[in-house]
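Below are the chains, spelled out letter by letter.
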Amino acid sequence: MDFGKLPIHELSKVDFTLQADNAFNTKVLSGIPVKKPKVKVGCPEWANKDWNGKIYPHKVNKGDYLRLYSKQFETIELNITHYKIPNQDEMKAWKEDSADGFTFNPKFPQVITHDNLLQKSDAVTKVFCERIFELEEKLGIPFLQLAPYFMPKHFHILEKYLKTLPTNLKIAVEFRHEDWFKNEKIWQQALSLLQSFGHGTVITDVSGRRDVAHQSLSNSIAMIRWTGNEHPSDYPRIDEWIQKLKSWFEKGVEEVYVFVHVNDKDCVPELAFYWIQQFNLHFDLNLKEPKFLPKVEQMSLF
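Quick summary incoming for the structure in this document.

**Overview of the environment of Phe73**
By the secondary structure assignment, Phe73 is in the loop between helix 2 (65-72) and strand 2 (75-78). For the pair Phe73 and Phe181, spaced 108 residues apart in the sequence, the C-alpha separation amounts to 33 Å. Apart from residues lying up to four places away in sequence, Phe73 is in contact with Val41, Cys43, Ile55, Phe102, Pro269, Ala272, Ile276, Lys288 and Pro290.

**Structural notes on the side chain of Ser70**
Assignment of secondary structure puts Ser70 in helix 2. What makes Ser70 buried here is its relative accessible area of 2%.

**Considerations on the sheet that holds strand 6 (residues 200-205)**
If you trace the eight strands from one edge of the open sheet to the other, you get 3-2-1-8-7-6-5-4, paired in parallel fashion. The sheet is open, and its two borders are formed by strand 3 (103-106) and strand 4 (143-145), each paired with just one other strand. Direction aside, the axes of adjacent strands within the sheet are offset by 25 degrees on average. Judged from the three bridges that link them, strand 4 and strand 5 (residues 172-174) form a sheet pairing that is parallel. Within strand 5, the residue paired with Phe143 across the bridge is Ala172.

**Observations regarding the pairing of strand 1 (residues 38-43)**
For strand 1, a buried count of five out of six residues is recorded, marking the element as mostly surrounded by other parts of the structure. As paired strands, strand 1 and strand 8 (residues 255-262) are joined by five bridges and run parallel to one another. Its bridge partner lying in strand 8, Val41 is registered against Val258. Inspection of the sheet shows strand 1 paired to strand 2 by two bridges, in the parallel sense. Note that in strand 2 the partner of Cys43 across the bridge is Ile76. Handedness of the crossover joining strand 1 and strand 2 through helix 2: right-handed.

**Topic: helix 9 (residues 184-197)**
Here helix 9 contains 14 residues, and its C-alpha end-to-end distance of 20 Å stays within 8% of the 20 Å for a straight helix at 1.5 Å per residue. Buried within helix 9 are the following residues: Trp187, Ala190, Leu191, Leu193 and Leu194. Down the axis of helix 9, the smallest arc covering the buried residues is 155 degrees, so these residues share one side. More than 90 degrees from the buried face of helix 9, the exposed residues found are Lys185 and Ser196. Of the surrounding elements, those touching the buried residues of helix 9 are helix 7 (155-164), strand 5, helix 8 (179-182) and strand 6. Taking the backbone nitrogen of Lys185 as reference, a side-chain oxygen 2.9 Å away marks Asn183 as the first, capping residue of helix 9. Looking one or two residues beyond helix 9, the residue adopting positive phi is Gly198, at roughly 80 degrees.

**Comments concerning the environment of Pro106**
Here Pro106 is to be found in strand 3. Classification of Pro106 by relative accessible area gives buried; the value is 0%. Counting along the chain gives 21 residues from Pro106 to Ile85, while the straight-line C-alpha distance between them is 9.9 Å. Among residues more than four places away in sequence, those in contact with Pro106 are Leu78, Thr81, Phe128, Ile132, Leu135, Leu139, Pro142 and Phe143.

**Points about unusual backbone geometry**
Positive phi is not limited to glycine here, since Leu118 has a value of about 70 degrees. Tracing the backbone through its elements, the reader meets Leu118 in the loop between helix 5 (110-115) and helix 6 (122-132). Judged by relative accessible area, which is 6%, Leu118 ranks as buried. Backbone geometry at Lys120 places phi at a positive 50 degrees, although glycine is not the residue there. You can see Lys120 is positioned in the loop between helix 5 and helix 6.

**Thoughts on the environment of Arg210**
When you line up the elements, Arg210 lands in the loop between strand 6 and strand 7 (221-228). Along the backbone, Arg210 and Gln19 are 191 residues apart, and their C-alpha atoms lie at a distance of 8.7 Å. Residue contacts for Arg210: discarding those within four places in its chain leaves Val14, Asp15, Phe16, Thr17, Leu18, Gln19 and Asp205.

**So, the packing of aromatic side chains**
Enumeration over the complete set of coordinates arrives at 22 aromatic pairs. When the centroid spacing of 5.9 Å and the interplanar angle of 90 degrees are considered together, the rings of Phe273 and Phe292 count as edge-to-face. Taken as a pair, Phe273 in helix 11 (residues 268-283) and Phe292 in the segment after helix 11 lie far apart in primary sequence, 19 residues in all. The exposure class assigned to Phe273 is partly exposed, which follows from its relative accessible area of 22%. For Phe292, a relative accessible area of 32% translates into the label partly exposed. Following the ring pairs from residue to residue traces out a cluster consisting of Trp46, Tyr69, Phe73, Trp94, Phe102 and Phe104. A cation over an aromatic ring shows up here: Arg176 above the ring of Phe3, its NZ or CZ 3.9 Å from the ring centre.

What counts and how
Residues numbered from 1 in each chain as written. Predicted model: local features only at pLDDT ≥ 70, side-chain atom pairs only at ≥ 80, totals over all residues. Heavy atoms only, no water. Helix = DSSP H or I, 4+ residues; strand = E, 2+ residues; numbered from the N terminus. Contact = heavy atoms within 4.5 Å. Buried < 20%, exposed > 50% of the residue type's maximum accessible area, 1.4 Å probe, protein only. Pairing = 2+ DSSP bridges. Axes fitted to C-alpha atoms, helices over the stretch in contact; angles between N-to-C directions. Right-handed = clockwise from strand over helix to strand, strands pointing away. Expected span 1.5 Å × (residues − 1). Arc of directions from axis to C-beta. Polar contact = N/O pair within 3.5 Å; in protein donor to acceptor, adjacent residues only side chain to side chain. Phe/Tyr/Trp six-rings, centres within 6.5 Å; stacked < 30°, edge-to-face > 60°. Lys NZ or Arg CZ within 6 Å of the ring centre and 35° of its normal.

Written as structure tokens, this is what we have:
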């Protein structure tokens, strides 16, 4: 994820401390502790050849990646749908090829969110919704990533668009323009709008834009898009999130989705593994932990 990316030499200047909880959270959380929350951790892609010999066999046929990925992880941030709406056969094949209990979290097409700014998109939205419903029980939480130039002045457009979505489709919305976070009144209005539809927020934890790690919920589901930097700060950041989520579970958060991005995609599985390991350790969960292949050491000739 390039959004909010900083050069490695600037990371030491970043205060990664998470913000305090937004006051709006008390309006949407029951205050009743959730002892066994639903938690899923995944990656933004499944077909990464750099993972061959790491979490996949050394040689993998292209058509086998999803099946192998779903044996390692229980969910995925489905970015493919941002660039192209898959046809019915593709959707059905993904559903059939993935393991039981696996979920897909489709990203709304960029033609809707970025090109059209949520306007004049009824037809493409209808097709997108029909296609993702093909996933049936494997459909997780679709997410609507607003364009970085979609500003508070477009609030009425967002409200109008949300009214066009099927009532049985619950999504999460990712806000990016900085003006959403500069005015607390505006931000509270945005959260209230999402709450009125039963939709959630996307919390985006990136180095260069700390405002989008906003700690604001509009329902009892937390969706976190977290980006590591292959830097010593990565693991303490995860540790702080685990403590944050501990307090949220005590306040009534029922579900958490974490999608792990890393600027060097090669080490995504390691950081995703750490997330999962910490969830299992601190919350007595039994999340599937990815299995790594033994490293093959080159034999010395001498």
